[in-house]
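The residues making up each chain are set out below.
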Amino acid sequence: MLAGGRAGGHRRGAEQEGGGAAGGRRRPGEAAGEVEYNPAPMSQPISATSVTSIRELSQHAGQEVELSGWIDNKRSSGKIAFLQVRTAGGVVQAVAGRKDVSEEAWADIERVTQESTVRVRGTVKEDKRSPIGVEIQANGFEILSLTQDYPITPKEHGTAFLMEHRHLWLRSSRQRAALRVRSEVEQGIRDFFYDRQFTLIDSPILTPAACEGTSTLFETDYFGDKAYLSQSGQLYLEPAAAALGKVYCFGPTFRAEKSKTRRHLMEFWMVEPEVAFLEFEGLCALTEEFVGYLAARILDRSKEDLKVLERDTAKLEKVVPPFPRITYTQAVEILNREGNPLKWGDDFGGDEETILASQFDRPVMVTRFPASFKAFYMQPDPENPETVLGLDLLAPEGYGEIIGGSQRIHDHDLLLSRIQQHNLPVEAFQWYLDVRKYGAFPHSGFGMGIERFVAWMTGLTHLRETIPYPRMLYKIYP
RNA sequence: UCCUCGGUAGCUCAACGGUAGAGCGUUCGGCUGUUAACCGAAAUGUUGGGGGUUCGAAUCCCUCCCGAGGAGCCA
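In this text, all values refer to a predicted model and were calculated from it rather than measured experimentally. (Residues numbered from 1 in each chain as written. Chains lettered and ligands numbered in written order. Predicted model: local features only at pLDDT ≥ 70, side-chain atom pairs only at ≥ 80, totals over all residues. Heavy atoms only, no water.)

### Some words on the overall build of chain A
So, point 1. Helix and strand content of chain A: 15 helices and 18 strands.
So, point 2. With 478 residues in all, chain A has 47% of them scored as buried.
So, point 3. Considering only residue pairs separated by 6 or more positions, chain A has 67% of its internal contacts joining residues 24 or more positions apart.
So, point 4. When the accessible surface of chain A is summed, it comes to about 23,900 Å², and 52% of that surface belongs to carbon and sulfur atoms. (Helix = DSSP H or I, 4+ residues; strand = E, 2+ residues; numbered from the N terminus. Buried < 20%, exposed > 50% of the residue type's maximum accessible area, 1.4 Å probe, protein only. Contact = heavy atoms within 4.5 Å. Areas by Shrake-Rupley, 256 points an atom, 1.4 Å probe, with all protein chains shown as cover.)

If you want it as structure tokens, here you go:
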């Protein structure tokens with residue numbers, strides 16, 4: 001009976017997804033008319049420069065240019081029209097006077113709709129009223145493809161509606177800004193490690209067993225065997241650290257936990273450095289340097305996007321190392337003092353993280369946790385064998401844990417006993433034990449969730465807007 | 001999986017036991033510097049599905065479905 005109920009539930013779930021994809025409400029719009037693309041080139045003077053990015057425009061002031069893009073918005077009166085044209089690099093306003101264009105072009109301007117693709121030709125003019133400093137005085141205009149009934153209008157919408165139309169929502173200014181910040185963060189991560197002679201190691205997505213033995217993993221069929229989508233690249237990074245010294249991986253990570261909060265995704269991106277002969281103090285320093293570098297870089301290179309997102313950058317300007325450090329034991333004392341009773345040995349929840357982070361204006365490092373609720377591979381603290389040399393970096397403003405790291409156990413026999421204590425299959429970890437068997441070395445590393453970091457930088461409250469196509473509990477469309 | 005709140009026009013919402021409405025979008029008309037432009041007019045509904053209470057249900061009850069927020073778990 002239970003099994004039958006589950007099967008029914010799954011089937012209904014599948015139908016809902018299918019229904020969402022078919023989009024009953026959207027069908028009539030799709031059937032309303034055939035979508036046409038009109039490739040006929042407009043008569044083009046030799047002098048017009050083809051522009052592929054809005055950012056090039058200011059270099060062409062006074063010149064004749066031509067660009068293709070989408071109508072972001074339009075305002076018009078009887079004799080003048082203002083067309084916001086979006087293409088790579090942003091949005092530029094094209095101003096068209098009725099007398100400045102042909103009759104055919106004016107008719108197209110009158111009927112053009114939001115999100116139609118168009119080609120505009122005109123002179124680049126500097127104008128103080130323009131947010132980007134320039135606009136185009138149009139003398140030619142052509143519709144390439146006329147859009148009808150674009151679902152996302154320039155007014156407010158609920159997030160449920162917007163998530164159903166995520167593929168179109170990406171075109172909105174705030175979404176463009178958030179994704180550009182994400183891209184800058186990812187480039188910053190690669191530059192940070194490249195500049196410090198780290199080698200990028202792509203860890204596998206399909207794995208034969210659970211990495212840490214705790215999380216729920218997505219299971220898949222591997223030619224008759226079970227395989228799992230990776231929840232961390234770390235274990236595969238440690239052998240690479242023996243080969244190359246300083247390594248990192250950066251890729252998607254999967255957790256099948258049925259988490260339904262603004263801080264969770266089923267599929268997210270994680271960057272994980274691993275460094276040979278780096279011990280705990282060095283790990284804390286690397287973590288600080290890394291986060292400080294990225295925050296400074298975003299402040300420097302993503303100003304315009306942060307403005308669109310209305311991010312309070314004063315808060316980010318404080319993200320300068322050194323960061324405050326407290327031990328787990330001190331954290332428990334703070335929580336008890338702040339009226340959030342917690343026994344030594346209990347893990348933090350979201351509320352506890354927020355209270356701890358609110359005590360500081362910079363990210364705070366919490367270190368030396370009880371071994372009981374941390375991963376099996378963490379090196380014991382020599383000053384207190386009940387705790388491990390692990391660190392969590394808690395971001396301010398309620399963004400919570402963005403980094404988790406530790407020094408790893410490098411002693412073969414100690415690691416073996418930990419694997420056994422955690423009831424993990426020793427055979428599956430033989431290769432991991434080999435790292436200690438053939439030239440043991442102290443080493444440390446951390447993992448950072450990209451979406452949480454981007455959410456913090458952008459001030460977005462929900463991870464779903466920090467990744468182009470979020471995968472959430474029971475939601476995988478589009 | 002559990003708890004809380006919600007589902008009314010394409011969208012955002014109002015009406016809370018007595019004739020289903022507004023703004024935006026759409027269509028039509030007007031306007032030579034607009035910045036979510038503005039002004040005038042028009043069209044638009046199986047009130048999430050099913051069942052029940054009632055003279056009468058968008059409104060109250062039951063149930064299912066869907067969505068949002070949170071808990072646990074984590075990055």
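Right, picking up where we left off after that structure.
### Regarding the nonpolar core
A general tendency of soluble globular proteins is for nonpolar side chains to be buried together.
So, point 1. Membership of the largest hydrophobic core comes to 57 residues, with the highest contact counts inside it found for I189, F290 and W456.
So, point 2. For this core, the leading source of residues is helix α8 (residues 280-301), giving 10 residues.
So, point 3. Residues contacting W456, with those up to four places away along its chain left out, are V291, R311, L316, V319, P363, A395, P396, E397, Y399 and I402.
So, point 4. Within the second largest apolar cluster, 25 residues are counted, among which are V51, A96, A105 and F141. (Core = buried A, V, L, I, M, F, W, Y, C linked by side-chain atoms within 4.5 Å.)

### Let's talk about the sheet that holds strand β10 (residues 225-229)
So, point 1. Judged by pairing direction, the sheet is antiparallel, and its 3 strands sit side by side in the order β8-β10-β9 without closing on themselves. Edge positions in the sheet fall to β8 (206-207) and β9 (219-222), since each has one partner strand and no second.
So, point 2. For β8 and β10, the ladder comprises 2 bridges, and the chain directions are antiparallel. Of the residues in β10, the one forming a bridge with T207 is Y228. (Pairing = 2+ DSSP bridges.)

### Points about the packing of helix α7 (residues 234-244) against helix α14 (residues 430-437)
So, point 1. Here α7 crosses α14 at 35 degrees, and the two axes come no closer than 10 Å. The interaxial crossing formed by α7 with α14 has left-handed handedness. Contacts between α7 and α14 pair Q234, L235, Y236, E238 and P239 from the former with W431, Y432, V435 and R436 from the latter.
So, point 2. The residue makeup of the contact of α7 with α14, split by class, is 6 nonpolar, 1 polar and 2 charged. (Axes fitted to C-alpha atoms, helices over the stretch in contact; angles between N-to-C directions. Left-handed = near helix turned anticlockwise from the far one by under 90°. Nonpolar A, V, L, I, M, F, W, Y, C, P; charged D, E, K, R; others polar.)

### Notes on the pattern of salt bridges
So, point 1. A full pass over the atoms with the stated rule returns 27 salt bridges.
So, point 2. Note that R86 is salt-bridged to D72, the shortest N-O span being 2.7 Å. In this pair, R86 sits in strand β3 (residues 80-87) while D72 sits in strand β2 (residues 64-76), placing the two residues 14 residues apart along the sequence.
So, point 3. On the basis of relative accessibility, which here comes to 7%, the residue R86 falls in the buried class.
So, point 4. When its relative accessible area of 23% is taken as the criterion, D72 is described as partly exposed.
So, point 5. One network of salt bridges, in which partners are shared, links D72, R86, E115, R171 and R176. (Salt bridge = Lys/Arg side-chain N within 4 Å of Asp/Glu carboxyl O.)

### A word on the environment of Q359
So, point 1. The residue Q359 is located in the loop between α12 (350-357) and β14 (364-370) in this model.
So, point 2. On the accessibility criterion, Q359 (31% relative accessible area) is partly exposed.
So, point 3. Taking the C-alpha atoms as reference points, Q359 and P396, 37 residues apart in sequence, are found 8.8 Å from one another.
So, point 4. When residues no more than four places from it in sequence are discounted, the contact partners of Q359 are I334, R337 and E338.
So, point 5. Polar side-chain contacts of Q359 include one of 3.3 Å to the backbone oxygen of I355. (Polar contact = N/O pair within 3.5 Å; in protein donor to acceptor, adjacent residues only side chain to side chain.)

### As for the environment of A227
So, point 1. Mapped onto the secondary structure, A227 falls in strand β10.
So, point 2. Along the primary structure A227 and L217 are separated by 10 residues, whereas in three dimensions their C-alpha atoms are 9.5 Å apart.
So, point 3. The contacts of A227, once residues within four sequence positions are left out, are T207, F218, E219, T220 and Y222.

### Looking at the packing of aromatic side chains
So, point 1. By the definition in use, this model includes 23 aromatic pairs.
So, point 2. Here a set of aromatic residues connected by ring pairs shows up, and it is made of F192, F193, F198, Y248, F290, Y293 and F446.
So, point 3. Sitting over the face of the ring of F369, K374 holds its NZ or CZ atom 4.2 Å from the ring centroid.
So, point 4. Looking at R436, its charged tip hangs above the ring of Y432, at a distance of 4.3 Å from the centre. (Phe/Tyr/Trp six-rings, centres within 6.5 Å; stacked < 30°, edge-to-face > 60°. Lys NZ or Arg CZ within 6 Å of the ring centre and 35° of its normal.)

### Structural notes on the pairing of β3
So, point 1. Across the 8 residues of β3, 6 count as buried, placing the element largely inside the fold.
So, point 2. With 6 bridges joining them, β2 and β3 adopt antiparallel strand pairing. Note that in β3 the partner of S76 across the bridge is A81.
So, point 3. In textbook terms, the turn of a hairpin is the stretch between consecutive antiparallel strands, and for β2 and β3 this stretch comprises 3 residues.
So, point 4. Both β3 and strand β4 (residues 90-97) contribute to a ladder of 8 bridges, which runs antiparallel. Bridge pairing in β4 places T87 opposite G90.

### What to know about helix α3 (residues 103-111)
So, point 1. The set of residues buried in α3 consists of A105, W106, D108 and I109. Each buried residue of α3 lies within a common arc of 160 degrees when the element is viewed along its axis, so the set occupies one face. Away from its buried face, by an angle of more than 90 degrees, α3 presents the exposed residues E103 and E104.
So, point 2. Buried residues in α3 make contact with β2, β3, β4 and β6 (134-145). (Arc of directions from axis to C-beta.)

### Details of empty space enclosed by the protein
So, point 1. Counted according to the given criterion, the structure contains 1 cavity of 30 Å³ or more.
So, point 2. Taken as a whole, the largest cavity encloses approximately 60 Å³ of empty space.
So, point 3. Of the residues that constitute the lining of the largest cavity, the class distribution is 6 nonpolar, no polar and 3 charged. (1 Å grid on protein atoms, 1.4 Å probe; cavity = no way out; pocket = protein on both sides within 12 Å on 5 of 7 lines; lining within 4 Å. Points joined across faces, edges and corners; volume = space filled by probe spheres on them.)

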